[in-house]
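The residues making up each chain are set out below.
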Amino acid sequence: MPFSDFYGNSTTVHRLRDMIARDRLPHAVVFAGGQGSGKYTLALMLAQTLNCLESPTSDGLPDFCGRCANCTRIGAACNLDARFTEAVEARENLRETDKKETRIFVQTHPDVLVVPPDPPQMMIKVDQVRRVIESIYYRPAEGKEKVYIFTDSAFMKEAANSLLKVLEEPPEFATIFLLTENAGELLPTIRSRSMTFTLAALPGEDIEKDLARHHPEWKAAQRALVARLCDGAVGRARNFDVESYTAARAHALAILKSALAGGEHSELFKITETYRPGAEGREKTEQLIRTLYSLLRDLMFVNSGAPDLVRNTDIATDLKRLAESADFEWIKVASDRLADVERGMRRNLLRSLSLDAFATALEK
């Protein structure tokens, strides 16, 4: 059954399903946990359970079929990043006057509304909460329960205060899920009107077992690497792009080696020249920057005599060799320079030149 695909946090999941079975699920639920811990996935699965037309059970508790019209339409929102990008692009195609008045939502089923942070500030805005208030008191159109999922706790002040009005007198046929990495980021008055569940990080061994089921095509070494990189977040691990990461890591290693070796930089320039302008180039550069931070962190652990904390264990020999030349001061300066590259990206500076400057400025 579908809930068997949700790996880990079995006690929390069992408790939530038991609440649904006894019609005791709170009208407001907070899911707290790190990025990729399964908060959004679990909220969608519960939305499907509440609205499934077949209403199956597994282990004596409510489940969802994953096949009926309601399950498939709600499940279509599972790839939040893709749906969010589509919504943003749709807004960009509007007239300027309409664009300013349009807020970002993800809705693949009429009774399930996903509310992500609205760009460019990437915060939940009052107009988004007003949309919830306007619709929440109408009975479901095609489902059994209306479900609202706020994917982040970054509320603007007026938006948070507006949400309180709904939480004080919620309709009996609606459930609100609030997702956050840290429940303390929500107003105390919101937390007091909700029930909080914390989704714990999973041990690396459990992540590897889950990846063996979902990515049998990956080698054992790849599964071990992803498990270490994802900090116990099973959702992040399942969606991890191994090929993209290893390609970025190869470039990151070459850049660090060039910086530490000094002298001739022809190989460096060949690499940085591939980081072009545009959305695709930006995504590639952001991946490279994240990977550089990961390697710098590993170098710090190697220098600290804490190899057990190293994540990129499959390139331990390369890291040890680099650490012979990269002392703590160099790693600190490299981190500061990398932050400059990030700021330059926000100002749309030419990415290849920014990366060249990063490497050459760190020559020893």
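Our structure's up above, just so we're on the same page.
Predicted model, so just to flag it, every value in this text is computed and none were measured.

(A) The arrangement of the overall build of the chain in detail. Per the secondary structure count, the chain includes 17 helices and eight strands. Across its three principal axes, the chain shows a C-alpha extent of roughly 70 × 50 × 35 Å. Buried residues in the chain amount to 49% of all 364 residues. The contacts of the chain with a sequence gap of at least 6 include a subset with a gap of at least 24, amounting to 70%. Where the 48 positive side-chain charges of the chain centre and where its 52 negative ones centre are 2 Å apart.

(B) Main features of the sheet that holds strand β1 (residues 28–32). With mixed pairing, the six strands of this open sheet are ordered in space as β4-β5-β6-β7-β1-β8. Bordering the open sheet on either side are β4 (106–109) and β8 (195–198), each of which pairs with just one other strand. Pairs of neighbouring strands in the sheet enclose a mean axial angle of 15°, with direction left out of account. Bridge count for strand β6 (residues 146–150) against strand β7 (residues 174–180) is five bridges, and the pairing is parallel. Bridge pairing in β7 places I149 opposite F177. In the packing of helix α6 (residues 126–136) onto the sheet, contacts are made with β4, β5 (112–115), β6 and β7, and the angle to β6 comes to roughly 170°. In the packing of helix α7 (residues 157–168) onto the sheet, the strands contacted are β1, β6 and β7, and the crossing angle to β7 comes to about 140°.

(C) The arrangement of helix α15 (residues 316–323) in detail. Of the residues making up α15, those classed as buried are L319, L322 and A323. Looking down the long axis of α15, one finds its buried residues gathered within 100° of arc, a one-sided arrangement. Residues T317 and K320 are exposed on α15 and point more than 90 degrees away from its buried face.

(D) Focus on the environment of L187. Tracing the backbone shows L187 in the loop between β7 and α8 (188–191). Taking C-alpha positions, L187 is 9.3 Å from F155, a pair spaced 32 residues apart along the chain. With residues near it in sequence (within four places) discarded, L187 still touches A160 and N161.

(E) Region of the structure containing unusual backbone geometry. Between P119 and P120 the backbone carries a cis peptide bond, its omega angle lying at 5°. Notably, D23 is not glycine yet its phi reads approximately 55°, a positive angle. In this model, S55 sits at a positive phi of 50°, which is unusual for a non-glycine residue. In this structure, S55 sits in the loop between α2 (39–51) and β2 (57–58). Among the residues examined, S55 registers a relative accessible area of 39% and is labelled partly exposed.

(F) Geometry of the packing of aromatic side chains. On inspection of all chains with the given rule, the structure shows five aromatic pairs. Geometrically, the ring pair formed by F3 and F64 is edge-to-face, given 5.6 Å between the ring centres and 80° between the ring planes. In this pair, F3 is assigned in the segment before α1 (10–21) and F64 in the loop between β3 (61–62) and α3 (69–75), connecting sequence segments 61 residues apart. This pair shows no difference in class: F3 is buried, exactly as F64 is.

(G) Highlighting α6. By the burial criterion, the buried members of α6 are V126, Q128, V129, V132, S135 and I136. Of the surrounding secondary structure, the elements contacted by the buried residues of α6 are β5, β6, α7 and β7.

(H) Region of interest: the side chain of T291. Position of T291 among the secondary structure elements: in helix α14 (residues 279–303). For T291, the side chain forms a polar contact with the main-chain oxygen of Q287, separated by 2.7 Å. Beyond its immediate sequence surroundings of up to four residues, T291 is in contact with Y245, A248, R249 and A252.

(I) View of the packing of α1 against α2. With their axes 11 Å apart at the nearest point, α1 and α2 run at an angle of 25° to one another. One finds that α1 runs roughly parallel with respect to α2. The hand of the α1/α2 crossing is right-handed. Note on element contacts: α2 touches α1 through L42, L46, T49 and L50, opposite V13, L16 and I20. Looking at side-chain class alone, the contact of α1 with α2 contains six nonpolar, one polar and no charged residues.

(J) Looking closely at the environment of I149. The topology assignment puts I149 in strand β6. With a relative accessible area of 0%, I149 lands in the buried category. Residues contacting I149, with those up to four places away along its chain left out, are Y40, A43, L44, L113, V114, V115, F177 and L179.

(K) Seen up close, the environment of Q222. Following the sequence through the fold, Q222 ends up in helix α10 (residues 220–229). With relative accessibility at 26%, the residue Q222 sits in the partly exposed group. Spatially, the C-alpha atom of Q222 lies 9.8 Å from that of E243, the residues being 21 residues apart in sequence. At a separation of 2.9 Å, a polar atom in the side chain of Q222 contacts the main-chain amide nitrogen of K219.

Rules behind the numbers
- Residues numbered from 1 in each chain as written.
- Predicted model: local features only at pLDDT ≥ 70, side-chain atom pairs only at ≥ 80, totals over all residues.
- Heavy atoms only, no water.
- Helix = DSSP H or I, 4+ residues; strand = E, 2+ residues; numbered from the N terminus.
- Buried < 20%, exposed > 50% of the residue type's maximum accessible area, 1.4 Å probe, protein only.
- Contact = heavy atoms within 4.5 Å.
- Lys, Arg positive; Asp, Glu negative; His and termini not counted.
- Charge placed at Lys NZ, Arg CZ, Asp CG, Glu CD.
- Pairing = 2+ DSSP bridges.
- Axes fitted to C-alpha atoms, helices over the stretch in contact; angles between N-to-C directions.
- Arc of directions from axis to C-beta.
- Phe/Tyr/Trp six-rings, centres within 6.5 Å; stacked < 30°, edge-to-face > 60°.
- Polar contact = N/O pair within 3.5 Å; in protein donor to acceptor, adjacent residues only side chain to side chain.
- Parallel < 35°, antiparallel > 145°, perpendicular 65-115°, else oblique.
- Left-handed = near helix turned anticlockwise from the far one by under 90°.
- Nonpolar A, V, L, I, M, F, W, Y, C, P; charged D, E, K, R; others polar.

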